[in-house]
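Overview (structure and organization)
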Amino acid sequence: MNASPISQPQSPAPAADAGPVVAFRNVSIAFDGPPVLQDVSFSIAPGETRVLLGPAGVGKSVLLKLINGLFRPDRGSIQLFGEEISHMPEEMLFPLRTRTGMVFQEGALFDSLTVRDNVAYQLIQERVPDDEIDSRVRDALRFVELEETFDLYPASLSGGMRRRVAIARAFIHQPELLLYDSPTGGLDPVTSTTIIELIVKERDVYHTPSLMVTHRLQDAFILCNHRFDPELGRMVLLPKGETDPNTTFLMLEEGRLIFDGSLHELVKSQNKFVREFLQ
Amino acid sequence: MALDPIEKAAKNIVLTVQDYSLFAYRAFLNLWRPPIYWPEFLVQADIIGVGSLSIVVLSGLSTGGVLALQSAATLSAFGATAVTGQFVSLTMIRELGPVLTGVMVSGRNASSMASELGSMVVTEQIDAMRALGVDPMRKLVTPRIFSSIVMLFFLTIVADACGILGGAFVTVFMNHQNGTQYLDMAWEHLHYPDIVQGLVKPLFFGYILSSIGCFYGMRTSGGTEGVGRATIQAVVSASVLIIFVDFLLTQVLLRLLP
């Protein structure tokens, strides 16, 4: 895997006193029934990668969609890039959303557009010249090792390839926050590792803060105990006992956040649900 | 307890009407505010306008022909077969042309809008569009509504012309009447208020069929089954609402343009 960047990393190392990129305070939401999320509070600091764990149906995807305002909370406060968005009008949310990149569970590629137009969607809206679009799309596709799919339609791609194109679409605009909704869900182990390697690569090359939703522990652990080696062009295992200090964990149980901490704290947790989940 | 399902259904109806009103209001405002996505408008104008041309031509010809057949049979009892042309042209232009075109186009396009947008909703493409900072109301809904209004206006003119031609064909070749007399009567008794009435209606019908198709598409839930349900609801609601609004519009227009 080459470390060919989409463009040179531009974001400098985050200032120590920079505020959180995302901050949830006592957020609750329900849809015609019992609450999906209750009093959820957490934050994502600049340069931090957070992994949201939990079994299916506990509200992980809902939480992710709350971050960029695709859902509105019933109660509580959500800050994105320092701006309160829980009651922000939809028109004002669009500029904020362009600063985030989101990878949906099944990719959510536009099936009537080619891979080129999917990846370039945001650039096309901004009327970037065609030559520049082509060049940036090729760079983004090279990053996910799918340059040959440039002219193809999503229907002719495999599930894993669609996720990688979705990752390229999320990366191309050099977002200030990345949101991954179960990026490996339903994929075979080899393809899952390829996707996680891309996320590790993005984390270690660009240091973009991110939140990855998953119910697969092995993906979370790979993310935490590997780093991307630009010389080898692939991810490598960290020395035994070492983990990535900027990768931390959250865990949801029935809409409540029951864990917020490092991998070390996670495996040492005495919470019954966490123990059961880990086992 | 026995009234619970009725109460729930009533609440659902009120909620749907409220949601549609807000949706239609937003869609209407967007028609006048930039950005207007012109390439999308042209694509939709082609799908809605050119794509519906054949069914509008066929239904216009048939309806005009049937009107001529039926009216000639009735008018002959009073010795007034000469006014067949007047009867066909006024009925087509004031009433049947706009309504028939509205219902036919809604059957074809409200359903396709609901199923297309519904599929995009259930596969998270609409959410993806919002996440990419693009407003689906402006990108997807406004071009469909704008092009439906414009194209239904022209399709109605085509349907009117085809109806009069269909009537002429039946009058000459089946009823063996004078074609010149038919066309003279059709033309002479046609006044500006009749034409205005016939051309105001499609503006409303185009808005109704497209806003309802998009509304049901955008609120689709429940996977592929939900897409099918949204499609049926869109066609039924659009057709019924077109006929009901036609009744209201006719009353208003008859007062304004007697």
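The structure presented is a predicted model; accordingly, all values stated were derived computationally and were not measured.

1. Digging into the overall build of chain A
From N to C terminus, chain A includes ten helices and twelve strands. Expected size for 279 residues packed as a compact globule is a radius of gyration near 19 Å; at 18 Å, chain A falls within 12% of this value. With the C-alpha coordinates aligned to their principal axes, the bounding extent of chain A is approximately 50 × 50 × 40 Å. The buried share of chain A, reckoned over its 279 residues, is 41%. Nonlocal contacts in chain A, meaning residues at least 24 apart in sequence, comprise 66% of its contacts between residues at least 6 apart.

2. A look at the overall build of chain B
Per the secondary structure count, chain B includes eight helices and zero strands. Scanning chain B from its N terminus toward the C terminus, one meets helices and strands in the order α-α-α-α-α-α-α-α. Principal-axis analysis of the C-alpha atoms places the extent of chain B at approximately 65 × 50 × 35 Å. In chain B, the proportion of contacts linking residues at least 24 apart, taken out of those at least 6 apart, comes to 88%.

3. Regarding the confidence of the model for chain A
Confidence in the prediction for chain A averages 88 pLDDT; 94% of positions are at 70 or higher. Within chain A, the element-level pLDDT minimum falls on helix α10 (residues 272-278) of chain A, averaging 86, and the maximum on helix α3 (residues 115-119) of chain A, averaging 96.

4. Topic: the pairing of strand β9 (residues 226-229) of chain A
Each regular strand displays side chains that alternate between the two surfaces of the sheet. All names here are of chain A. The alternating pattern of β9 places H226 and F228 on a buried face, while none of R227 and D229, on the opposite face, is buried. Both β9 and strand β10 (residues 234-237) contribute to a ladder of four bridges, which runs antiparallel. From the neighbouring strand, R227 faces β10, where its bridge partner is V236. What sits between β9 and β10 in their antiparallel hairpin is a turn of four residues, with G233 showing a positive phi close to 75°.

5. Quick notes on the pairing of strand β7 (residues 177-181) of chain A
All names here are of chain A. Most of β7 sits out of view: five of its five residues are buried. Of the two faces of β7, the one holding L177, L179 and D181 and the one holding L178 and Y180 are both buried throughout. Bridge analysis of strand β6 (residues 100-103) against β7 gives four bridges, and the strand direction is parallel. Each residue of the ladder has a partner; that of G101, found in β7, is L178. The pairing of β7 with strand β8 (residues 210-214) spans four bridges and is parallel. Within β8, the residue paired with L178 across the bridge is S210. Between the parallel pair β7 and β8, the chain is carried across by helix α7 (residues 189-206), and the sense of this crossover is right-handed.

6. Some points on the packing of helix α5 (residues 136-173) of chain B against helix α7 (residues 192-218) of chain B
Two measures define how a pair of helices packs: the angle their axes make with one another and the distance between the axes. Residues and elements named next belong to chain B. α7 packs onto α5 with a crossing angle of 140° between their chain directions and a minimal axis gap of 8 Å. With respect to their mutual orientation, α5 and α7 come out oblique. Two packed elements cross with a definite hand, and for α5 against α7 that hand is right-handed. Of α7, the residues touching α5 (which contributes V141, R144, I145, S148, I149, L152, F153, T156 and D160) are G198, L199, P202, L203, F205, G206, Y207, L209, S210, S211 and C214.

7. As for the sheet that holds strand β2 (residues 35-44) of chain A
Residue and element names in this part refer to chain A. In space, the four strands of this open sheet follow the order β2-β1-β4-β5, with antiparallel pairing throughout. A strand with exactly one partner marks an edge of an open sheet, and here the two such strands are β2 and β5 (83-84). Note that strand β1 (residues 22-30) and strand β4 (residues 75-80) share five bridges and pair antiparallel. Within β4, the position partnered with F24 by the bridge is I78.

8. Concerning unusual backbone geometry
All names here are of chain A. Its identity is not glycine, yet F81 carries a phi of approximately 50°, on the positive side. Tracing the chain through its elements places F81 in the loop between β4 and β5. The phi torsion at E145 lies on the positive side, around 60°, for a residue other than glycine. Inspection of the secondary structure assignment puts E145 in the loop between α5 (130-143) and α6 (159-171). Judged by the 17 C-beta atoms lying within 10 Å of it, E145 is partly exposed.

9. Notes on the environment of A23 of chain A
Residues and elements named next belong to chain A. If you trace the backbone, A23 turns up in strand β1. Classification of A23 as partly exposed rests on a count of 18 C-beta atoms within 10 Å. The sequence separation of A23 and E84 amounts to 61 residues, and the corresponding C-alpha distance is 9.2 Å. With residues near it in sequence (within four places) discarded, A23 still touches S43 and Q79.

10. Let's talk about the sheet that holds β6 of chain A
Residue and element names in this part refer to chain A. The six strands are arranged β6-β7-β8-β3-β11-β12 in an open sheet whose pairing can be described as mixed. Taken across any chain shown, the strands that pair with only one partner, and hence form the sheet edges, are β6 and β12 (256-261). Within the sheet, the average angular offset between the axes of one strand and its neighbour, ignoring direction, is 15°. Relative to β12, strand β11 (residues 247-253) runs antiparallel, the two sharing five bridges. Bridging across to β12, L252 finds its partner in L257. Seen against the sheet, helix α1 (residues 60-67) touches β3 (49-53), β7, β8 and β11 and runs at an angle of roughly 160° to β8.

11. Observations regarding the packing of helix α3 (residues 84-122) of chain B against helix α6 (residues 179-188) of chain B
Residues and elements named next belong to chain B. Following both chains from N to C, one finds α3 and α6 inclined at 45°, their axes separated by 7 Å at the closest point. Relative to α6, α3 is oriented oblique. Crossing of α3 over α6 shows right-handed handedness. Contacts between α3 and α6 pair T84, G85, Q86, V88 and S89 from the former with Q181, Y182, L183, D184, M185 and A186 from the latter. Across the contact of α3 with α6, the residue classes tally to five nonpolar, five polar and one charged.

12. Thoughts on the nonpolar core
Counting 74 residues, the largest nonpolar core has L52, V119 and A168 of chain A as its most contacted members. Among the elements that line this core, the one with the most residues is α6 of chain A, at seven residues. L52 of chain A has contacts with K60, L63, L211, M212, V213, L250 and L252 of chain A, leaving out every residue within four places of it along the chain. Listed in part, the 55 residues of the second largest apolar core include L100, M104, Y182 and A230 of chain B.

Here is what the cut-offs are and how they apply
Residues numbered from 1 in each chain as written. Chains lettered and ligands numbered in written order. Predicted model: local features only at pLDDT ≥ 70, side-chain atom pairs only at ≥ 80, totals over all residues. Helix = DSSP H or I, 4+ residues; strand = E, 2+ residues; numbered from the N terminus. Rg over C-alpha atoms; globule rule 2.2 N^0.38 Å. Buried ≥ 20, exposed ≤ 12 C-beta atoms within 10 Å, placed from the backbone. Contact = placed C-beta atoms within 7 Å. pLDDT = per-residue confidence, 0-100. Pairing = 2+ DSSP bridges. Right-handed = clockwise from strand over helix to strand, strands pointing away. Axes fitted to C-alpha atoms, helices over the stretch in contact; angles between N-to-C directions. Parallel < 35°, antiparallel > 145°, perpendicular 65-115°, else oblique. Left-handed = near helix turned anticlockwise from the far one by under 90°. Nonpolar A, V, L, I, M, F, W, Y, C, P; charged D, E, K, R; others polar. Core = buried A, V, L, I, M, F, W, Y, C linked by C-beta atoms within 7 Å.

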